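Coordinate analysis (summary)
The primary structure of each chain is shown beneath.
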Amino acid sequence: RKRVVAFVSGGGSNMLALARACEAADYPAEIVAVFSDKPEAGGLAKAQALRIPTRVFERKAFGSKAEHEAAILAALAEIGPDLICLAGYMRLLSGDFIRAYEGKILNIHPSLLPLFPGLHTHQRAIDAGMKVAGCTVHFVTEGMDEGPVIAQAVVPVLIDDTAEALAARVLTVEHQTYAAALKLVASGGVTMRADGSVERLASETDANVR
Ligand code: GAR
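Residues numbered from 1 in each chain as written. Predicted model: local features only at pLDDT ≥ 70, side-chain atom pairs only at ≥ 80, totals over all residues. Heavy atoms only, no water.

**Digging into the UniProt feature "domain: Formyl transferase N-terminal" (unreviewed entry) in the protein**
Filter applied, for reference: UniProt positions are given in the numbering used here, feature names are shortened, and annotations may be inferred rather than shown by experiment. Secondary structure elements follow DSSP: runs of H or I no shorter than four residues count as helices, runs of E no shorter than two count as strands, and numbering proceeds from the N terminus.
Under the local residue numbering, the UniProt record ascribes the feature "domain: Formyl transferase N-terminal" (unreviewed entry) to residues 2–182. The straight-line gap between the two end C-alpha atoms of residues 2–182 is 10 Å; of that span, 36% is helix and 24% is strand.

Following this line, the structure appears as structure tokens:
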């Protein structure tokens, strides 16, 4: 089983979904630690309830972004994870950090990338008159929300939708999509090459269609 460290800043429902998926005997990954930049993140309590070790790295405890990331990288080096899953981690990782775990960092974003990267995705989708929205799990590269797509899922945008209602609808499909994407990557069905291109084993692609 591939050893995964999950990074959270908020409620941690995606981390919880991954941890639950990992409980299946045939699931190819396990969450060995949860890191957060927010001591109040609900994801920390959820991890502790599952007896998953947690670490907090508050940005303000460090003089610079580089020192903050160096502390996180040092803690990761002690663990030696195979993969890192960003699960509502609201901080941009530097190029140096990403290169240290090239092709091993996954992120979930609550839009159909490449549409609506960054913040306020749901309101922007509504304002654009979109009739569908969704989520994307992708490999993390230096550009924000730009890495190659591993899996996506779609939900309708309803008449008179609010950003909050749409976010909740998208979140329900995020959980299954992230679990499916991590399974694909951890099993070797999808890999990112050094040049940023993605290789998909034909036998694994169907699991990616939702
Ligand atoms: C999720 O909707 C996730 O896609 C989003 O934050 C939420 C975290 O929820 N991530 C981003 O916006 C990343 N830019 P969770 O803490 O309950 O998993």
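**Notes on the UniProt feature "active site" (unreviewed entry) in the protein**
Put simply, the rule reads: When checking whether two residues touch, look at their non-hydrogen atoms; a contact exists if any pair is within 4.5 Å.
UniProt records the feature "active site" (unreviewed entry) for His109 in the present numbering. Among the secondary structure elements, His109 is positioned in strand β5 (residues 105–109). With near-sequence residues (within four places) excluded, His109 lies in contact with Phe116, Pro117, Gly118, Thr121, Gly134, Cys135, Thr136 and Asp145.

**Quick word on helix α2 (residues 42–49)**
This is how the line gets drawn: Note on classification: 1.4 Å probe, protein chains only; a residue is buried when its accessible area is under 20% of the maximum for its type, exposed when over 50%, partly exposed between these limits. When we speak of the arc, we mean the arc of directions from the helix axis to the C-beta atoms.
Listed in full, the buried residues belonging to α2 are Gly43, Leu44 and Ala47. Here the buried residues of α2 occupy an arc of 105° about the axis, which is enough to place them on one side. Along its buried surface, α2 packs onto β1 (2–8), α1 (13–21), β2 (29–36) and β3 (54–56). Positive phi shows up at Arg51, right after α2, with a value of about 60°.

**Examining the packing of α1 against helix α6 (residues 163–186)**
Heads up, the condition is: Only the contacting stretch of a helix is used when fitting its axis, a line to C-alpha atoms as for every element, and angles between N-to-C directions run 0 to 180 degrees. Roughly parallel covers angles under 35 degrees, roughly antiparallel covers those over 145, roughly perpendicular covers 65 to 115, and oblique covers all other angles. Note on convention: near helix rotated counterclockwise from far helix by under a right angle means a left-handed crossing. Clockwise means right-handed. Charged means Asp, Glu, Lys or Arg here, nonpolar means Ala, Val, Leu, Ile, Met, Phe, Trp, Tyr, Cys or Pro, and polar covers whatever is left, Gly included.
Contact geometry of α1 with α6 gives a least axis separation of 9 Å together with a crossing angle of 45°. The orientation of α1 relative to α6 falls into the category oblique. As for the relative orientation of α1 and α6, their crossing is right-handed in sense. Residue-level contacts link Ser13, Asn14, Ala17, Leu18 and Ala21 of α1 to Leu171, Glu174, His175, Tyr178, Ala179 and Leu182 of α6. Taken together, the residues of the contact of α1 with α6 sort by class into seven nonpolar, three polar and one charged.

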